[in-house]
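Residue-level structure breakdown
Chain residues, written in single-letter form:
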Amino acid sequence: MTIVLVTGGAGYLGSSVLAPLKLAGYQPVVFDNLSRGFSQLVLQHNVPLVLGDLSDRSLLRSVLKAYRVDAILHFAALANMGESNEQPNHYYRINTVDALGLLEEAIAYRPQSPPAVIVSSSCAVFGIPPALPVAELSTRTPINPYGRSKLAMEWMLEDLAQRYRFPAVILRSFNAAGADPQNGCGECRQHETHLIPLAIEAALEGKPFIIYGDHFETRDGSAIRDFTHVRDLASAHIAALDYLIAGGASTDFNLGTGVGYSVREVLNCVERVCGRPIIVKIGRRRLGDPPALVADAAKARQLLHWQPHYSDLERIVRDALSWEQQRQRVPGLGRLAAAGVQ
Ligand SMILES: NC(=O)c1ccc[n+]([C@@H]2O[C@H](COP(=O)([O-])OP(=O)(O)OC[C@H]3O[C@@H](n4cnc5c(N)ncnc54)[C@H](O)[C@@H]3O)[C@@H](O)[C@H]2O)c1
């Protein structure tokens, strides 16, 4: 059986690959420090959870050996553009320096044939792209420390994979959204910053929703993003793993639907699905926030035979709402006042 080390597997994207990995015949082992993740999201799948920090190289070394890891899915990172402006040093330390440590340990563990590595990167590496939709060959000129810390990781992976001859794939998710309530996965952050959970909270609790900037050069002035269902992104990660295990060459893939929705369009959809109005306030545009990001995922469709199946916006919001309601019943995961939820 192929053993897959899933770093950051207690977080949103990482936990969403655990059930599909098992279903596809892989054996995941999660490595996470729980700084932003939740042990329940791992243990519910009967998957081993190693509690540890990426900077703990001796622990990484012993985990790689003890579990005889064949492949690594690297999700562990800090992933908040706004926060990265405040704490760039943390972003470079965890997303770049600690990622290098992980790669070095993976190479040292099996120098002749290091494990296959798939890293979860981000559309943030593209900054403000010259044209939409954004293909892999678009210039990578990030405009915030988060994107730059991810781009540095991409460069390191490209160089080390070539030098040490291991197969590697970079997956750039655009905006992960929605939930997989049947597999007990969805967004839950101690401090939520993502659009759809915040919009649902605003609709259910009557809290104002702040749109950060309404003067972008877009059709309604609010920023446009490509929201892809987390189940579709999970299946892309499995497809990339299958591809590398089958001998596919190292490469990169952009992952998205190719359709962008503005923040206002998402709010309208959340209002429709929740059946409640959202009070909107306009805040200042955030530093390093591109006006529009939409993926060209033709390469993933062609080489990975990947196709999003659940990424219709209304489906994303419905699943996110079910998850919000479901997680109230899971100790330690709830956020919304249960009274506000039907
Ligand atoms: N959510 C998105 O829309 C999105 C889009 C593009 C890319 N990504 C990428 O996907 C990955 C996961 O994002 P997410 O949204 O699931 O974030 P998340 O915060 O939910 O998950 C990150 C996980 O990594 C763990 N972690 C963080 N630092 C760690 C460290 N030093 N050592 C060990 N574990 C650590 C956290 O505890 C958490 O469980 C990130 O690499 C992010 O850049 C996410």
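Let me begin by describing the structure that accompanies this report. (Residues numbered from 1 in each chain as written. Predicted model: local features only at pLDDT ≥ 70, side-chain atom pairs only at ≥ 80, totals over all residues. Heavy atoms only, no water.)

Some points on the overall build of the protein
Short version of the rule: A helix here means a DSSP run of H or I that spans at least four residues, while a strand means a run of E at least two residues long, and both kinds are numbered starting from the N terminus. Atoms counted for the radius of gyration: C-alpha only. Globule rule: 2.2 Å times residue count to the power 0.38. Exposed residues in this analysis have more than 50% of their type's maximum accessible area, buried residues have under 20%, and partly exposed residues fall in between, with area computed by a 1.4 Å probe over protein chains only. Residue contacts are counted whenever heavy atoms from the two residues lie within 4.5 Å of one another. All accessible-area figures derive from a Shrake-Rupley calculation using a 1.4 Å probe, and residue coverage is judged against the displayed protein chains alone. In summary, the charge assignment counts Lys and Arg as positive and Asp and Glu as negative, without counting His or the chain termini. Taken as the charge centre is NZ of Lys, CZ of Arg, CG of Asp or CD of Glu, depending on the residue.
Helix and strand content of the protein: twelve helices and 14 strands. In summary, the protein has a C-alpha radius of gyration of 19 Å against a globular reference of 20 Å for 342 residues, a match within 12%. For the protein, the spread of C-alpha atoms along the three principal axes comes to 60 × 45 × 40 Å. Scored against the burial criterion, the 342 residues of the protein give a buried share of 56%. Within the protein, contacts between residues separated by at least 24 positions form 76% of all contacts whose residues are at least 6 apart in sequence. Counting only carbon and sulfur atoms, one obtains 52% of the accessible surface of the protein, whose full area is about 14,500 Å². Considering the protein, the positive charge centre built from 33 side chains and the negative charge centre built from 33 side chains are found 2 Å apart.

A word on the site of the ligand
The condition is simple: To be near a molecule or strand, a residue needs just one of its heavy atoms within 4 Å of it. Within 3.5 Å is the distance limit for a polar contact, defined as a pair of N or O atoms, with the added protein rule that one can donate a hydrogen and the other accept it, and that residues adjacent in sequence qualify only through two side-chain atoms. Under the grouping applied here, Gly and all other residues not named as nonpolar or charged are polar, the nonpolar ones being Ala, Val, Leu, Ile, Met, Phe, Trp, Tyr, Cys and Pro and the charged ones Asp, Glu, Lys and Arg.
Lining the immediate surroundings of the ligand are 29 residues, of which L13, D32, R36, Y146 and K150 lie closest. A distance of 2.9 Å separates an oxygen atom of the ligand from a polar atom in the backbone of R36. Between the ligand and G37 there is a distance of 3.1 Å, counted from an oxygen atom to a backbone nitrogen or oxygen. Against a free-state accessible area of 820 Å², the protein chains account for coverage of 96% of the ligand. Mapped by element, the contributors of at least two residues to the shell around the ligand are α1 (12-16), β5 (116-122), α7 (145-164) and β7 (175-177). Counting residues per element, the shell around the ligand draws most heavily on β5, at three residues. Classifying every residue of the shell around the ligand gives 13 nonpolar, eleven polar and five charged.

With respect to helix α9 (residues 230-245)
The criterion, for reference: A helix is expected to span 1.5 Å for every residue after the first.
Counted at 1.5 Å a residue, the expected span for α9 with its 16 residues is 22 Å, and the 23 Å between its end C-alpha atoms agrees. With twelve of its 16 residues buried, α9 lies for the most part within the structure. Three or more residues of α9 are buried, namely V230, D232, L233, A234, A236, H237, I238, A239, A240, L241, Y243 and L244. Trailing α9 by a residue or two, G247 shows a phi angle of about 100 degrees, which is positive.

Quick look at the sheet that holds strand β14 (residues 292-293)
Test applied: Two strands form a pair only when DSSP identifies at least two bridges running between them.
Pairing within the open sheet is mixed, and its three strands lie in the order β12-β9-β14. Of all the strands in the sheet, the pair left with one neighbour each is β12 (261-262) and β14. Across two bridges, strand β9 (residues 224-225) lies against β12 in antiparallel orientation. Looking across to β12, one finds that R225 is bridged to Y261.

Quick notes on the state of the cysteines
Rules: Throughout, a disulfide means two cysteine sulfur atoms within 2.5 Å of one another.
A full pass over the atoms with the stated rule returns zero disulfides. With no disulfide of its own, C123 lies closest to C269 among cysteine sulfurs, the gap being 20 Å. The thiol of C185 is unpaired, and the distance to the nearest cysteine sulfur, on C188, comes to 9.1 Å. Given the relative accessible area of 2%, C185 is considered buried.

A short note on the pairing of β5
Worth spelling out the cut-off: By the criterion used throughout, a crossover qualifies as right-handed when its path from the first strand across the helix to the second strand runs clockwise, the strands pointing away from the viewer.
Counting buried residues along β5, seven of its seven residues qualify, which places the element largely inside the surrounding structure. The alternating pattern of β5 places A116, I118, S120 and S122 and V117, V119 and S121 on opposite faces, both of which are buried. Here four bridges tie strand β4 (residues 71-74) to β5, and the two strands are oriented parallel to one another. By the bridge assignment for β5, I72 is matched with V117. Examined bridge by bridge, β5 and strand β6 (residues 168-173) share six bridges and lie parallel to one another. In the sheet register, V119 faces β6, and the bridge partner there is I170. One crossover worth recording links β5 to the parallel β6 by way of α7, and it is right-handed.

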